[in-house]
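The primary structure of each chain is shown beneath.
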Amino acid sequence: MYRDFPEVNTKGEVLIVEDTPASLKLLSDLLGGAGYAVRQAPNGELALWTAQARPPDLILLDVRMPGLDGFEVCRRLKAMPELCQVPVIFLSAQHDTDDKVRGFALGAVDFIAKPFQAEEILARTDAHVRLRHAQLQLAQERVTLERRVTERTAELEQVASTLAREVQIRRANEDLLRLSGQVFEATQDAILITDPQGIIVTSNPAFTRITGFTAQDVRGMDIMRLHAGEADDAACAAMHQGLRSSGCWSGEVQTRRKSGDTYPSHLSATTVHGPDGAVINYIGVFLDISERKAEQHLIDFLSWHDALTGLPNRALVRERFEQQRLAVIRDGQQMVLMCLDLDRFKNINDSHGQAVGDKALQVVARFLTGCVREGETVARQGGDEFQILLQDDALLGRTMALAQAILTGLREELNVGGDRLVLTTSIGIAMCPADGDTFDDLLRHADTALVRAKEMGRDHYAFFTERMGSDIRARLAMQQQLRGAVGRGEFEVHYQPQMCLRSGAMLGAEALLRWNNPVLGKVPPNLFIALAEEYGLITAIGEWVLDTVCAQIRAWQAAGLGSIKVAVNLSGKQFAQDRTVPFVEATLRKYGLDPACLGIEITESTVMGDPDKAVAALTSLKDIGVSISLDDFGTGYSSLGYLKRFPIDVLKIDKSFVDDVTTSSSDAAIALSVISLAHNLHMRVIAEGVETLAQVDFLTEHGCDEMQGYYFSRPLAAEAFTVLLREQGPLCPI
């Protein structure tokens, strides 16, 4: 199954292998709209048939498919001579490091995580298709050049043979000698004739054009003065041996121009014998092969280096590891692999554009290269990931000093094309033989340590430990279960009543997310919410929560239970996206709800990350008619200067202050300050986590407007909360 596109006016042809129709259509529309010819395959068997029918420029291959999975498809593709060079990018909804190592070992060039980001798909597709086109073009040009060299060599050898014959019989055949002279003058390849001692007798015009030496310059010159020096001694010795043994020789030599520059040439040398068998001349015909050598060098360079930064790539790091490993272990040293990942680098691409992002990677590459010593390797894995391979002793003093120097140096502003950027990095470190004997072991364990470094708050380095390995495996298991949890119906929204302290009536509720997984059981929100944010899943989950809450409010209204107001928490990453405000508006419109029925809860850290953007987004929400609550007030930045700019309706007193409000004078002072501040700014106050009558009495006495907590009710599933609404009575027992 595939779609044919005309090859003209397209950027290249991409085969998309994806068993999910929605993802297949999304990728096809995205790449087709960007100018690519797209073919589709919904399973592995059809992908192999489609690729064999006409090799594409790039294959986007889903890892998890029924039948043949992505790994088996990749293995079979790489086993086919006509398809083994086609680049393969794996599409995966998982961030399993073992999957990455296995994929790269099979020959994949990249991984793209789901859910897809359009800019990432286009940027990586453009990069790999351009590199594929460049490789194909260089390979074709290499074949053409090699054919030309072969043909020209045969021609030159024929010319040399003809000239040798002509010299031998020149007195007997003047016409043929004249013809040889014309060839000598007209050929585009350099020709030299020497006497038996190697003194140049004459040269042709092509020799002057190639070397800069005129015929007069070289007449009477020893031919060895054109020799490039010691670097070419072996080739010269082979030529002399060939001329002595067989009278001819052909091969590559280094030749010197008049300017002093040296260049590679292909030389065909022939001995001319007189009637008595004595040597009377030598004829040399040579072809300048500088361009061919340069192109071959570029092909070789791209095979072992990153095209953007010029750093070694993963293959070269692996090669150097294997070369050094045994000697290092024999000497009682450690091979150290550092895996670096730039923190929140995607923000730079989003804010400044891809071009600035690429320049930033080049600046970081130069910075890292300047940090290491001779013999240590800095490599780029791809994206914003780098590696450093070095040797160290058991105390790892050099390793720790290098890691700290990198962290400190990157914290300073970098000048990237006139933009001043501040970058930080997280570093994971593993050692051989302490943490593993193979490069794959080292890479996997360094990646595990890298995850730990990010958990420490980023801008840190961490060493691999076996205990860390089990912790990370648990997190990865949770991450794998978290992907697809919405589709499997594992999430549920519970509702906790919010009570008016003056009337005792229920004024609204806060929507709280719960996750019950068949494998992991009930997972606390403080674990899976942070994980969802880290792995880019929070937006999809947050939108599901908002849609579910609005549908439930509509259902309560349809059942005649009134218009209850529900507050929904918005994560920092969700709040930072431009699509969030339009999504809120569209969801309210979808269910025909009055915006006053919906409240949005945000935290201090959410709005303080980018205050100007926060003001604009909150203002847009207020314009819609949605109320805004600031949660956990007093636990974060507490910037009063910014607080007065935000269009906030409600301040929430954090549970950490409510717990000891009746026994701790400092917590009581904080709670009273929040109440006073909110009322002075014309905001309402909600205290959360209220569990005792003493807390209720204290907060009521000091003017708190609303409360929620176990004293009134635990969060209830929608069915139980519906029963509570039907009772139409206050929950407060006082």
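Note that the structure is predicted; figures quoted are calculated from it, not measured. (Residues numbered from 1 in each chain as written. Predicted model: local features only at pLDDT ≥ 70, side-chain atom pairs only at ≥ 80, totals over all residues. Heavy atoms only, no water.)

Draft legend 1. Examining the overall build of the protein chain more closely. The helix and strand inventory of the protein chain stands at 27 helices and 27 strands. Burial status across the protein chain gives 48% buried among its 734 residues. Pairs at least 24 apart in sequence give 63% of the contacts found in the protein chain among residues at least 6 apart. Summing over all exposed atoms, the protein chain offers an accessible surface of approximately 34000 Å²; the carbon and sulfur share of this is 52%. (Helix = DSSP H or I, 4+ residues; strand = E, 2+ residues; numbered from the N terminus. Buried < 20%, exposed > 50% of the residue type's maximum accessible area, 1.4 Å probe, protein only. Contact = heavy atoms within 4.5 Å. Areas by Shrake-Rupley, 256 points an atom, 1.4 Å probe, with all protein chains shown as cover.)

Draft legend 2. Spatial organisation of the sheet that holds strand β4 (residues 88-92). Taken together, the five strands give an open sheet; going across it, the order is β2-β1-β3-β4-β5, and neighbouring strands pair in parallel fashion. At either margin of the open sheet sits one strand with a lone partner, and together these are β2 (37-41) and β5 (110-113). Along the sheet, successive strands turn relative to each other by an average axial angle of 20 degrees, direction set aside. Both β4 and β5 contribute to a ladder of four bridges, which runs parallel. (Pairing = 2+ DSSP bridges. Axes fitted to C-alpha atoms, helices over the stretch in contact; angles between N-to-C directions.)

Draft legend 3. Representation of the packing of aromatic side chains within the structure. Within the structure shown, the criterion is met by 15 aromatic pairs. The interplanar angle of 70 degrees and the centroid separation of 5.2 Å between the aromatic rings of Y495 and W556 together place this pair among those described as edge-to-face. Here Y495 is found in strand β18 (residues 491-500), whereas its partner W556 is found in helix α18 (residues 538-558), with 61 residues between them in sequence. W556 sits in the buried class, given a relative accessible area of 2%. One aromatic cluster in this structure is built from F71, F90, F104 and F111. (Phe/Tyr/Trp six-rings, centres within 6.5 Å; stacked < 30°, edge-to-face > 60°.)

Draft legend 4. View of the environment of A206. Structurally, the position occupied by A206 is in helix α7 (residues 205-211). Judged by its relative accessible area of 4%, A206 is buried. Sequence separation between A206 and A190 is 16 residues; the distance between their C-alpha atoms is 4.8 Å. Filtering out sequence-adjacent residues up to four positions away, A206 remains in contact with T187, Q188, D189 and A190.

Draft legend 5. Structural detail: the layout of surface pockets. Put simply, the second largest pocket is a space of about 1000 Å³. Around the second largest pocket sit 36 residues that line it, and E510, L512, P525, N569 and D631 are the ones nearest its centre. Those elements that place two or more of their residues in the lining of the second largest pocket are β19 (506-517), α17 (525-534), α18, β21 (565-569), α19 (572-575), β22 (598-603) and β23 (627-633). Partitioning the lining of the second largest pocket into residue classes produces 14 nonpolar, 12 polar and 10 charged. (1 Å grid on protein atoms, 1.4 Å probe; cavity = no way out; pocket = protein on both sides within 12 Å on 5 of 7 lines; lining within 4 Å. Points joined across faces, edges and corners; volume = space filled by probe spheres on them. Nonpolar A, V, L, I, M, F, W, Y, C, P; charged D, E, K, R; others polar.)

Draft legend 6. Summary view of the pattern of salt bridges. Applying the stated rule across the entire model yields 32 salt bridges. Here R488 ties to E490 by a salt bridge, and the two come within 2.6 Å at their closest N and O atoms. With a closest N to O distance of 2.9 Å, E601 and K652 form a salt bridge. With E601 in strand β22 and K652 in strand β24 (residues 650-653), this residue pair connects regions lying 51 residues apart in the sequence. K652 shares its class with E601; the two are buried. Through salt bridges with shared partners, a single network forms among E510, E601, K652 and E688. (Salt bridge = Lys/Arg side-chain N within 4 Å of Asp/Glu carboxyl O.)

Draft legend 7. Structural context of helix α13 (residues 354-371). When the terminal C-alpha atoms of α13 are compared, their 26 Å separation across 18 residues agrees well with the 26 Å that a helix rising 1.5 Å per residue should span. Of all the residues in α13, the buried ones are V356, G357, A360, L361, V363, V364, A365 and L368. (Expected span 1.5 Å × (residues − 1).)

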